[in-house]
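Next come the chains, spelled out residue by residue.
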Amino acid sequence: SVVLLLNVFLFLCFQLIMMKVFSVLTVSCPSTMYQAQDLCCPKCPAGNRVKTDCTKTANTSCVACEGGTHMDKPSGLKQCTHCTICDLSFGLKENRTCTSTLDTVCEPQDGFYCVDLAAGSCVAAHKHRQCQPGEYIKQTGTAFRDTECSDCSNGTFSDGTLKFCRPHRPCESLNLKLIRPGNATTDAQCEEQDHNKVVPIIIGCLILLLLLSAILIAYKKKSKKVCLQTCCNSSWMMGHRVCSEQKTTNFPDSLLSELLPGNWTLSEDKLLE
């Protein structure tokens, strides 16, 4: 009988334990609450975490997330989530700084594009492709797309930094001499033709000749004026009507025969003899 009573007691204890476990497992809490043992406790608001669960007589105790952590929605968690760090070695930089309610948002650095995106934030980025000499930039890279390069066609060239290939310089069309033909990476090199070098020399000589002629003409006119002035200042011409009527600096050439003997020249040295 003692054994029977003991078995009954153990059976009842087992039933009570199972009922307790079943009651805990079957608790269903609304979305604004979380389960804590056999109770439904109010969730802590975004930016906060649970400090202590609620009881039958006390509400949930919440505390704000510490620096460097966040909670982006109401929850019953007792630890806030650490803020994401934008790793420079992965080609990332911050687009939005982490707050107590929002996580950090990362984006590619300049010259990089995102290759792994999660929850609106870039997780990893690769550097844009650099076009090589002989290629042009067909499509410029963006934050989410790599650079596209394409080969230059015949007769054009690019150093890899151009958005289109440039045509080779047409030396013959420019009346220039071709020194080195162009290729996909460099332009053609030209120089002046030999006969093109002679033309500037001829033009320069003509200009110099005209300049010397102008100087000579100006010198002759000046000599005439000096000659006439000397004549009028001499004793044998003083009082002549021409000298008295005309300014010596404005003597017309037609009066020379009247003022000077036929065998005299217009030089000042001759007049002084």
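Rules behind the numbers
- Throughout this description, residue numbers start from 1 for each chain and increase along the sequence as written.
- Local features are withheld for residues below a pLDDT of 70 in this predicted model, meaning they are given only at 70 or higher, and side-chain atom pairs are given and counted only at 80 or more; totals for whole chains, interfaces and linings count all residues.
- For the side-chain quantities, the full set of heavy atoms in the structure was used; hydrogens and water were omitted.
- The way it works is that DSSP assigns letters per residue, a run of H or I at least four long becomes a helix, a run of E at least two long becomes a strand, and they are numbered from the N terminus.
- Exposure classes here rest on a 1.4 Å probe applied to the protein chains alone. A residue is buried below 20% of its type maximum, exposed above 50%, and partly exposed in between.
- By the convention used here, residues are in contact when the closest approach between their heavy atoms is within 4.5 Å.
- Here, the term disulfide refers to a pair of cysteine sulfur atoms separated by no more than 2.5 Å.
- One number per residue, pLDDT, summarises how confident the predictor is, and it ranges from 0 to 100.
- Using a grid of 1 Å spacing that covers the protein atoms alone, one calls a set of points a cavity when a 1.4 Å probe fits there but cannot get out, and a pocket when the set is open and has protein on both sides within 12 Å along at least five of seven lines; lining residues are those with an atom within 4 Å of a point.
- Grid points are joined across faces, edges and corners, and a volume is the space filled by probe spheres set on the points.
- Just so you know the grouping, Ala, Val, Leu, Ile, Met, Phe, Trp, Tyr, Cys and Pro go in nonpolar, Asp, Glu, Lys and Arg go in charged, and all remaining residues, Gly too, go in polar.
- UniProt positions are given in the numbering used here, feature names are shortened, and annotations may be inferred rather than shown by experiment.
- Here, a salt bridge means any Lys or Arg side-chain nitrogen found within 4 Å of an Asp or Glu carboxyl oxygen.
- Patch membership requires over 30% relative accessible area and the absence of a salt bridge. Like charges are linked within 9 Å, and nonpolar side chains (Val, Leu, Ile, Met, Phe, Trp, Tyr) within 5 Å.
- Note on areas: Shrake-Rupley with a 1.4 Å probe; residue coverage comes only from the protein chains shown.
- Within 3.5 Å is the distance limit for a polar contact, defined as a pair of N or O atoms, with the added protein rule that one can donate a hydrogen and the other accept it, and that residues adjacent in sequence qualify only through two side-chain atoms.

**Some details on the overall build of the protein chain**
Phase 1: A count of helical and extended segments in the protein chain gives 5 helices and 16 strands.
Phase 2: Within the protein chain, buried positions represent 25% of all 273 residues.
Phase 3: Relative to all contacts within the protein chain whose residues are 6 or more apart in sequence, the contacts with residues 24 or more apart total 27%.

**Looking at the state of the cysteines**
By definition, a disulfide links the sulfur atoms of two cysteine residues through a covalent bond.
Phase 1: Applying the stated criterion to the full structure yields 10 disulfides.
Phase 2: Across the disulfide, Cys114 is cross-linked to Cys122 (sulfur-sulfur distance 2.2 Å). On the sign convention where negative is left-handed, the bridge of Cys114 and Cys122, at about 115° about the S-S bond, is right-handed. For the pair Cys114 and Cys122, a shared accessibility class is recorded, and that class is buried.

**Here we look at the environment of Phe164**
Phase 1: Relative to the assigned elements, Phe164 resides in the loop between strand S13 (156-157) and strand S14 (166-167).
Phase 2: Taking the C-alpha atoms as reference points, Phe164 and Lys138, separated by 26 residues in sequence, lie 7.5 Å from one another.

**Side note on unusual backbone geometry**
Phase 1: Unlike most non-glycine residues, Gln37 shows phi in positive territory, near 60°.
Phase 2: Among the structural elements, Gln37 can be located in the loop between strand S1 (33-36) and strand S2 (39-42).
Phase 3: By relative accessible area, which is 67% here, Gln37 ends up exposed.

**Remarks on the confidence of the model for the protein chain**
Detailed reading of predicted coordinates is not advised where the pLDDT is low.
Phase 1: In the predicted model, the protein chain carries a mean pLDDT of 81, and the fraction of residues at 70 or more is 71%.
Phase 2: Contacts for the low-pLDDT stretch residues 245-250, under 50 throughout, to residues beyond four places or in other chains number 8 contacts.
Phase 3: Per-residue pLDDT stays below 50 along residues 259-273; that stretch engages in 29 contacts with residues further than four places along the chain or on separate chains.

**A look at the layout of surface pockets**
Rolling a probe over the atoms, with the probe sized like a water molecule, indicates the empty space that remains.
Phase 1: Put simply, the largest pocket is a space of about 210 Å³.
Phase 2: Considering the residues around the largest pocket, the lining is formed by 15 residues, among which Thr84, Asp103, Thr104, Ala118 and Ser121 are closest to the centre.
Phase 3: Top element by residues in the lining of the largest pocket is strand S10 (residues 121-127). It accounts for 3 residues.
Phase 4: Of the residues assigned to the lining of the largest pocket, the class counts are 8 nonpolar, 4 polar and 3 charged.

**Concerning the UniProt feature "domain: TNFR-Cys" (unreviewed entry) in the protein chain**
Phase 1: Following the UniProt record, the feature "domain: TNFR-Cys" (unreviewed entry) maps to residues 28-62 and 64-106 here.
Phase 2: Secondary structure over residues 28-62 splits into 0% helix and 43% strand, and the C-alpha atoms at its two ends are 22 Å apart.

**Quick look at the pattern of salt bridges**
Phase 1: Under the definition given, this model contains 5 salt bridges.
Phase 2: Salt-bridge contacts for Lys78 lead to Asp53; the nearest nitrogen and oxygen are separated by 3.2 Å. Linking Lys78 in the loop between strand S5 (69-70) and strand S6 (81-82) with Asp53 in the loop between strand S3 (48-52) and strand S4 (61-64), this pair joins segments that are 25 residues apart in sequence.
Phase 3: On the basis of relative accessibility, which here comes to 41%, the residue Lys78 falls in the partly exposed class.
Phase 4: Bridged by salt links that share partners, the residues Lys93, Glu107 and Asp110 form one connected network.

**Side note on a nonpolar patch on the surface**
Phase 1: Judged by side-chain polarity, Leu208, Leu211, Leu212 and Ile215 come together as a nonpolar surface patch covering roughly 400 Å² of accessible area.
Phase 2: Tracing the backbone through its elements, the reader meets Ile215 in helix H2 (residues 194-233).

**Here we look at the side chain of Thr60**
Phase 1: Considering the arrangement of structural elements, one finds Thr60 in the loop between S3 and S4.
Phase 2: Within polar-contact distance, the side chain of Thr60 engages the backbone oxygen of Pro42 at 3.0 Å.
Phase 3: Excluding anything up to four places from it in sequence, Thr60 contacts Tyr34, Cys41, Pro42, Cys44, Val50, Thr52, Asp53 and Cys54.

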